[in-house]
Amino acid sequence: MCVPSCKRLILKITLGENETHRTTCNSIWDESESKVSYDLLVDLVTKYAFPTHNATGLPKDYEVVVTYVDEDGDKVNISSDVELNDAVEQFVSCKPPVLRIKAELNCKEDLNLHSLASDQFPIKTDGIGNLSDAESFFGSIKASLPRKSQECMSSHHPVA
């Protein structure tokens, strides 16, 4: 892969139905490895989906599913550096050089709002296990998440 042309490739990353972010391939380029990085792509999607999430990486109760439509019109998953590199190579010489990616954040089946509260954010309880303040806190966090994430949380643990 030609490094300069790869870095000029435009990535259009769509989250949900109405949220699209535009960046360049440079944002997922790993300088130390001289290649595109699936992990950097997941980190980028995470930043878009959870803009107020301070820690690096994806909250543990979510997984990212990344797909694109290849040159044959097939929907293809990207789940590794090799698959991401293949997608980039298909579109880097197109006019204009654009790779359209669809990213979804899915709840893992064992989503547990209380463990998310205690593990992801430092919330103190009254010592008896009363999480009413945490429930209120997560209601406000839930409101700031993308719609699909809100629906996922609601289906597992309704929060005001």
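Residues numbered from 1 in each chain as written. Predicted model: local features only at pLDDT ≥ 70, side-chain atom pairs only at ≥ 80, totals over all residues. Heavy atoms only, no water.

Participant: Would you explain the overall build of the chain in this entry?
Facilitator: In terms of regular secondary structure, the chain is built from six helices and seven strands. Ordered by position from N to C terminus, the α and β elements of the chain give α-β-β-β-β-α-β-β-α-β-α-α-α. Across the 160 residues that make up the chain, the buried fraction comes to 38%. The contacts of the chain with a sequence gap of at least 6 include a subset with a gap of at least 24, amounting to 55%. (Helix = DSSP H or I, 4+ residues; strand = E, 2+ residues; numbered from the N terminus. Buried < 20%, exposed > 50% of the residue type's maximum accessible area, 1.4 Å probe, protein only. Contact = heavy atoms within 4.5 Å.)

Participant: Explain the pattern of salt bridges to me, please; I cannot follow it from the model alone.
Facilitator: Should the charged atoms of two oppositely charged side chains come close, the side chains can pair. All told, the structure shown has one salt bridge when counted by the stated rule. In this structure, Lys 35 and Asp 81 form a salt bridge, with 3.2 Å as the shortest nitrogen-oxygen distance. Here the residue Lys 35 occupies a position in strand 4 (residues 35-36), and Asp 81 occupies one in helix 3 (residues 81-91), the gap between them amounting to 46 residues. (Salt bridge = Lys/Arg side-chain N within 4 Å of Asp/Glu carboxyl O.)

Participant: Help me understand helix 3, please; the structure alone is not making it clear to me.
Facilitator: Given 3.6 residues per turn, any residue in an α-helix points the same way as the ones three and four places further on. Taken together, the buried positions of helix 3 are Leu 84, Ala 87, Val 88, Gln 90 and Phe 91. For helix 3, the angular spread of buried residues about the axis comes to 160 degrees, placing them on one side. (Arc of directions from axis to C-beta.)

Participant: Even after reading the chapter, I still don't get helix 2 (residues 38-49), so can you show me in this structure?
Facilitator: Given a rise of 1.5 Å per residue, 12 residues ought to cover 16 Å, and the 16 Å separating the end C-alpha atoms of helix 2 matches this to within 8%. Turning to helix 2, its buried residues are Tyr 38, Leu 41, Val 42, Leu 44, Val 45, Thr 46, Tyr 48 and Ala 49. Put simply, Ser 37 is the residue that caps the front of helix 2, since its side-chain oxygen is 3.3 Å from the backbone nitrogen of Asp 39. (Expected span 1.5 Å × (residues − 1). Polar contact = N/O pair within 3.5 Å; in protein donor to acceptor, adjacent residues only side chain to side chain.)

Participant: Please clarify how the nonpolar core should be interpreted in this entry.
Facilitator: Soluble globular proteins tend to bury their nonpolar side chains together. Core analysis: the biggest nonpolar cluster contains 32 residues, and Ile 13 and Leu 99 have the highest contact counts within it. Those elements that place two or more of their residues in this core are strand 1 (10-15), helix 2, strand 5 (62-69), helix 3 and strand 7 (98-107). Counting residues per element, this core draws most heavily on helix 2, which supplies seven residues. Leave out the neighbours within four places in its chain, and Ile 13 touches Glu 19, Thr 20, His 21, Thr 23, Leu 41, Leu 44, Val 45, Tyr 48, Ile 101 and Ala 103. (Core = buried A, V, L, I, M, F, W, Y, C linked by side-chain atoms within 4.5 Å.)

Participant: Just to check I follow, could you spell out a negative patch on the surface for this structure?
Facilitator: There is a patch of like negative charges on the surface, built from Glu 71, Asp 72, Asp 74, Glu 83, Asp 86 and Glu 89. Relative to the helices and strands, Asp 86 resides in helix 3. (Patch = residues over 30% accessible without salt bridge, like charges linked within 9 Å, V, L, I, M, F, W, Y side chains within 5 Å. Areas by Shrake-Rupley, 256 points an atom, 1.4 Å probe, with all protein chains shown as cover. Lys, Arg positive; Asp, Glu negative; His and termini not counted. Charge placed at Lys NZ, Arg CZ, Asp CG, Glu CD.)

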